[in-house]
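Residue-level listing of the chains:
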Amino acid sequence: PALTAYTTNVILTAASLCLLIPELSNPSVCMKDPQRVQDILHSMVKAGSNTLQVISDFDMTLTRFSHNGKRCPTCHNILDNSKVISADCKQQLDHLLHTYYPIEIDSSRSVEEKLPLMVEWWTKAHDLLVEQKIRKDLLAEAVSESEVMLREGFQLFFDHLHEHSIPLLIFSAGIGDILEEVIRQAGVFHSNVNVFSNYMDFDESGVLRAFKGELIHIYNKREGALLNTGHFQELRTRPNVLLMGDSLGDLSMADGVQDMENILKIGFLNDKVEERKRSYLDSYDIVLIKDETLEVPNAVLMHLTGNK
Ligand code: C5P
Ligand code: MG
C-alpha cells in the first residue's frame, strides 16, 4: 500500500536521526516522534554542553535489570540478600517484594491507587531494616558481595560527564548509602555527581536507628525535586536536561529545574514490556526495550558534547 505523506516523513526523520546517532537504529530503540527527538537534540547541541545537566534514576536505570536471565538487585535488595539481616527478616522483606513489586509495575492500576501502597512498601521495609540494627561498617561488604551490576558502558558514561564537567544528579528512591557505595566501588563517584536519595541515620556507635528526612518513593520524586531548590538554583545556567529513568515516576525528577529550555527523556522499559510500551512511548522520547546497556545514552551524550 502507498505510504501516507505522514508515514514517509516519520521514516525519513528516523533515517536522518540514525545518520546523526547510529545507535538510535539499535533494535532496542523505540521512538514515538523521531522528529521531536531530532528537534530537541538540535536545540541542545546549539546551546552547547555547558548548558547541559543530566538527571538519572539509579535502580534499573544505571544498574542492570538482569544478567544471564537472573534479576539483578536494587539498593534495597542488596541489603535484603546480605548477611547484615537475619533469615527471618529476609523472609519478610522477600514477602514485601513479592507483594508490592507486581503492584509497582501493574499498568492496570492508576498512580493514585498505587501511591499509598508504595508508601506502605517503603515504610514497612525501612522499619524492618531499622529493627535489624545494621552496622554502617558492614555496608561496603554487603555491596561488594552482592550481584549488583552497573549497566555496560557505565565507565564511559560517568567519566565522560566528569571530563566535560556536566553535573550528574542521581535521584533515587533506593538507599543513598548503598548507592554511593556501588558507584564508589566501581570507581566512578566523581566530583560532578550529586545524589538525592533515602539516607540512613546511624547512632554514635554506627548502628542504624532511622532513615533521614522525607521518604523518597517511586511516586514522589516531584516533591523531592522541589525540596532541593538550592541544587537547581546552583545549576540555573544549565537549562537543558537529559533525563534517564525506568519508571513513569522518574519523569518528574526534573520538576525542580529552573527555567528549563529543553528536556530529552530516555526510558528503560525492562519488565512487562507489552502492557507498558504504549504509556512509555507516550512519555519518554526514547524508549529502550530490554536493553541492558548505556550504549544509547552514551551515544546521545557524545553527540551533545561534540565527541564521536
Ligand atoms: O533508584 P530507584 O528510584 O529506581 O529505586 C526504587 C526501586 O527500588 C523501585 O523500582 C523498587 O522496585 C525498588 N524497591 C525495592 N525494595 C523496597 C523498595 C523499593 O527493591 N523495599
Ligand atoms: Mg528505577
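Residues numbered from 1 in each chain as written. Chains lettered and ligands numbered in written order. Predicted model: local features only at pLDDT ≥ 70, side-chain atom pairs only at ≥ 80, totals over all residues. Heavy atoms only, no water.

The chain has the name 5'-nucleotidase in an unreviewed UniProt entry, where Oryzias sinensis is given as its organism. What the UniProt record of the chain gives under Function (unreviewed entry) is the line "Specifically hydrolyzes 7-methylguanosine monophosphate (m(7)GMP) to 7-methylguanosine and inorganic phosphate. The specific activity for m(7)GMP may protect cells against undesired salvage of m(7)GMP and its incorporation into nucleic acids. Also has weak activity for CMP. UMP and purine nucleotides are poor substrates." (UniProt positions renumbered as here; feature names shortened; annotations may be inferred.)

## Comments concerning the layout of surface pockets
In this model, the second largest pocket occupies a volume close to 220 Å³. Forming the boundary of the second largest pocket are 13 residues, of which Glu-214, Ile-216, Gly-224, Leu-227 and Asn-228 lie nearest the centre. Contributing elements (two or more residues each) for the lining of the second largest pocket: β6 (193-198) and α9 (221-227). With 3 residues, the single largest contributor to the lining of the second largest pocket is α9. (1 Å grid on protein atoms, 1.4 Å probe; cavity = no way out; pocket = protein on both sides within 12 Å on 5 of 7 lines; lining within 4 Å. Points joined across faces, edges and corners; volume = space filled by probe spheres on them. Helix = DSSP H or I, 4+ residues; strand = E, 2+ residues; numbered from the N terminus.)

## Considerations on the nonpolar core
Nonpolar side chains in soluble globular proteins tend to end up buried together. Counting 97 residues, the largest nonpolar core has Phe-157, Phe-158, Ile-170, Ile-286 and Val-300 as its most contacted members. When near neighbours in sequence (up to four residues on either side) are disregarded, Phe-158 contacts Leu-62, Leu-168, Ile-170, Ile-183, Val-188, His-190 and Val-193. (Core = buried A, V, L, I, M, F, W, Y, C linked by side-chain atoms within 4.5 Å. Buried < 20%, exposed > 50% of the residue type's maximum accessible area, 1.4 Å probe, protein only. Contact = heavy atoms within 4.5 Å.)

## Overview of the site of ligand 1
Near ligand 1, the surroundings consist of 16 residues, among which Asp-57, Thr-74, Glu-104, Ser-172 and Ala-173 are the closest. A distance of 2.9 Å is found between an oxygen atom of ligand 1 and a side-chain nitrogen or oxygen belonging to Asp-59. With the chains in place, 97% of the 480 Å² that ligand 1 exposes on its own is no longer accessible. Those elements that provide at least two residues to the shell around ligand 1 are α3 (75-80), α4 (87-104), α5 (111-131) and β5 (168-175). Looking at the shell around ligand 1 residue by residue, the classes come out as 7 nonpolar, 5 polar and 4 charged. (Near = heavy atom within 4 Å. Polar contact = N/O pair within 3.5 Å; in protein donor to acceptor, adjacent residues only side chain to side chain. Areas by Shrake-Rupley, 256 points an atom, 1.4 Å probe, with all protein chains shown as cover. Nonpolar A, V, L, I, M, F, W, Y, C, P; charged D, E, K, R; others polar.)

## Overview of the packing of helix α1 (residues 5-20) against helix α2 (residues 34-47)
Axis separation between α1 and α2 bottoms out at 8 Å; the angle between their running directions is 40 degrees. Taken together, the axis directions place α1 and α2 in an arrangement best described as oblique. Relative to α2, the crossing made by α1 is left-handed. Within the contact between the two elements, α1 uses Val-10, Thr-13, Ala-14, Ser-16, Leu-17 and Leu-20 and α2 uses Pro-34, Gln-35, Val-37, Gln-38 and Leu-41. Of the residues that constitute the contact of α1 with α2, the class distribution is 7 nonpolar, 4 polar and no charged. (Axes fitted to C-alpha atoms, helices over the stretch in contact; angles between N-to-C directions. Parallel < 35°, antiparallel > 145°, perpendicular 65-115°, else oblique. Left-handed = near helix turned anticlockwise from the far one by under 90°.)

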